[in-house]
Amino acid sequence: MRVIPCLDVKDGRVVKGVNFTSLRDAGDPVEQAQAYDEAGADELMFLDITASSDGRSAMLDMIARTADACFMPLAVGGGVRTVEDARRLLRSGADKVSVNTAAVENPQLIAACADAFGEQCVVAAIDVKQVEAGRWEVFTYGGRKATGLDALDYAATAVTCGAGEILLTSMDRDGVKGGYDIALLKRFSEAVPIPVIASGGAGSAQHMVEAVRDGGASAVLAASIFHFGEVSLSEAKAAMAAAGLPVRDLR
Amino acid sequence: MPTVALIDYGSGNLRSAEKALARAAGTLSRGHEVVVTDAPDVIARADRIVLPGVGAFSACMDALEQRPGLLEAMTDAVQTQGRPFLGVCVGMQLLASRGLEFGPRAGLDWIKGEVRRLEPGEDALKVPHVGWNDVSALPHPLFREASTSQMYFTHSYVFDPTDPGVVLAVSDYGGTITAAVANANVAGVQFHPEKSQGAGLALIARFLEWRP
């Protein structure tokens, strides 16, 4: 069972990460990544929230510096629109690339990335809002645009195209800290054969346990509760271990 | 200084493998030069060879074959000269007689066996298998004593060697899966030591000191 902290990065600097007391520079992604590793993170996700092209090259440099110092799986997402975008991130040292809006608009992007780099490299990120009981709609452009697409239909398309994992974010729950949407996770994890990463709503270690145990998620992603120190990675993992879920030993 | 040839055949994740090799070498008293290459003459002179790999079995095999003289140089160094070899993930699977991903495809056939789709016995287990898993190893220089360590896996296919005697380490994912193989100077690991933090770097360091 994987616990994945997500760090927001702008212009090659971490703008939302944990302010570990040991860090000299909390905005330095390498220091952040090393601290998360020591705390027991199973993977790291960098979400690029940069808009400018200058910021994008800073992102590539940042990934390279992180990958050179941290020997753990790194996933990177945000603004990936082409196979070449993905290739640049992977060449810089990312292990996986997460695709969102561009893949919803053109699912062949998933197929092209899977063909070029292998399905284990491609994470289909899906932002969803519930429209009625048991039905969720896909949103794009950071949640600003409704697509009218049924999220389960799109997830099936992503799987057919060769996605290796699905990063499923509940926009209804995101930032609320009331827990992941268990019904959503259960529906998706039962419907797709590939791992589903739960995102949106984590407020406690127990929420992470529920996402895995009750929702069937293969991994949990969280940003703000780690960022603000409300839950530590070791608390999250201890809670999972106490619930009988397999977790990587803390060293 | 002894050299390690890291085979460059267009596989992703080369940079991570290179950096991990360099980092692991840095922990040893004796230095190692890491050379990223597809040049037959460089491979012929290398003291050790590492074959990384991500993606599909057939695509990786095609890429190896398309580089002039590469397979011949690797085969000579490993099979004739007996240089220590480590295959990682698909680089390990390519050791097999054949793979079944996207239809049957001949592999290197350095270790007899077949690479088949992962079919975990429990419905709730997903494919690809992604994440950290216990690896239980027999006594061997790559793992030192019989031991259990946690390594990072990401794969949809597994290697079933014909001779169970070459299986050096196993893991469990809805059934026993091959985590590492070794036969004389040829070894391979299904997991990613270059992404498995301290435990992975330690294994790479042991490979660099391995004298089969």
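Below you will find a few notes about this structure. (Residues numbered from 1 in each chain as written. Chains lettered and ligands numbered in written order. Predicted model: local features only at pLDDT ≥ 70, side-chain atom pairs only at ≥ 80, totals over all residues. Heavy atoms only, no water.)

## Thoughts on the overall build of chain A
Along the backbone of chain A there are 10 helices and 11 strands. The C-alpha atoms of chain A give 17 Å as radius of gyration, which agrees with the globular expectation for 251 residues (18 Å, within 12%). Taken along the three principal axes of its C-alpha coordinates, chain A extends 45 × 45 × 30 Å. Evaluated residue by residue, chain A yields a buried proportion of 59% over its 251 residues. Of all intrachain contacts in chain A linking residues separated by at least 6 positions in sequence, the fraction that spans at least 24 positions is 63%. Counting only carbon and sulfur atoms, one obtains 49% of the accessible surface of chain A, whose full area is about 9500 Å². Treating the 24 positive side-chain charges of chain A as one cloud and the 34 negative ones as another, the clouds have centres 2 Å apart. (Helix = DSSP H or I, 4+ residues; strand = E, 2+ residues; numbered from the N terminus. Rg over C-alpha atoms; globule rule 2.2 N^0.38 Å. Buried < 20%, exposed > 50% of the residue type's maximum accessible area, 1.4 Å probe, protein only. Contact = heavy atoms within 4.5 Å. Areas by Shrake-Rupley, 256 points an atom, 1.4 Å probe, with all protein chains shown as cover. Lys, Arg positive; Asp, Glu negative; His and termini not counted. Charge placed at Lys NZ, Arg CZ, Asp CG, Glu CD.)

## Considerations on the side chain of A:T66
Residues and elements named next belong to chain A. With respect to the helices and strands, the residue T66 is situated in helix α2 (residues 53-69). At a separation of 2.8 Å, a polar atom in the side chain of T66 contacts the main-chain carbonyl oxygen of M62. Excluding its chain neighbours within four sequence positions, the residues that come into contact with T66 are P29, V30, A33, F46 and L74. (Polar contact = N/O pair within 3.5 Å; in protein donor to acceptor, adjacent residues only side chain to side chain.)

## Regarding empty space enclosed by the protein
The full count for this structure, using the stated rule, is two cavities of 30 Å³ or more. The volume enclosed by the largest cavity comes to roughly 120 Å³. Contributing to the lining of the largest cavity are 15 residues, with B:A17, B:V50, B:V88, B:P193 and B:E194 lying nearest its centre. Elements that contribute at least two residues to the lining of the largest cavity include exactly α1 (14-26) and β4 (85-88) of chain B. Broken down by class, the residue content of the lining of the largest cavity amounts to nine nonpolar, five polar and one charged. There is about 40 Å³ of room inside the second largest cavity. Taken together, A:I4, A:E43, A:M45, A:A75, A:K96, A:S98, A:V123 and A:I197 make up the lining of the second largest cavity. By residue class, the composition of the lining of the second largest cavity is five nonpolar, one polar and two charged. (1 Å grid on protein atoms, 1.4 Å probe; cavity = no way out; pocket = protein on both sides within 12 Å on 5 of 7 lines; lining within 4 Å. Points joined across faces, edges and corners; volume = space filled by probe spheres on them. Nonpolar A, V, L, I, M, F, W, Y, C, P; charged D, E, K, R; others polar.)

## A short note on the sheet that holds strand β8 (residues 129-137) of chain B
Residue and element names in this part refer to chain B. The strand order β2-β1-β3-β4-β13-β12-β11-β8-β9 describes an open sheet built from nine strands, whose pairing is mixed. At either margin of the open sheet sits one strand with a lone partner, and together these are β2 (33-37) and β9 (147-155). When the angles between neighbouring strand axes are averaged without regard to direction, this sheet yields 25°. In terms of strand pairing, strand β1 (residues 3-7) meets β2 through five bridges, oriented parallel. In the sheet register, I7 faces β2, and the bridge partner there is T37. Each of β1, β2 and β3 (48-51) touches α1; the most contacted strand, β1, lies at about 165° to it. (Pairing = 2+ DSSP bridges. Axes fitted to C-alpha atoms, helices over the stretch in contact; angles between N-to-C directions.)

## Looking at the nonpolar core
Membership of the largest hydrophobic core comes to 77 residues, with the highest contact counts inside it found for A:F46, A:I110, A:L168, A:Y180, A:M208, A:V220 and A:M240. Contacts of A:F46, omitting those with residues within four sequence positions, involve A:L7, A:V9, A:P29, A:M59, A:M62, A:T66, A:L74, A:A75, A:V76 and A:G77. The next biggest cluster of nonpolar side chains, apart from the first, holds 68 residues, and it includes B:V50, B:V90, B:L95 and B:V186. (Core = buried A, V, L, I, M, F, W, Y, C linked by side-chain atoms within 4.5 Å.)

## Considering the sheet that holds strand β7 (residues 113-117) of chain B
Residue and element names in this part refer to chain B. On the basis of which strands lie adjacent, the open sheet formed by four strands has the order β6-β5-β7-β10 and mixed pairing. With one partner strand each, in any of the chains shown, β6 (105-106) and β10 (157-161) form the two edges of the open sheet. Pairing geometry for strand β5 (residues 98-99) and β7, over two bridges, is parallel. Paired with G99 across the two strands is V115, which belongs to β7.

## Let's talk about the interface of chain B and chain A
On the side of chain A, 31 residues touch chain B, which itself brings 23 residues to the contact. Taking both partners together, chain B and chain A bury about 2300 Å²; carbon and sulfur atoms supply 49% of that area. Inspection of the region where chain B meets chain A yields three salt bridges. Between chain B and chain A we count 13 residue pairs in polar contact (both at pLDDT 80 or more) in total. Mapped by element, the contributors of at least two residues to the side of chain B that touches chain A are α1, β8, β9 and α6 (197-209) of chain B. The element best represented in the side of chain B that touches chain A is α1(B), accounting for five residues. In terms of residue class, the side of chain B that touches chain A is built from eight nonpolar, nine polar and six charged. (Buried area = accessible area lost by both parts, 1.4 Å probe. Salt bridge = Lys/Arg side-chain N within 4 Å of Asp/Glu carboxyl O.)

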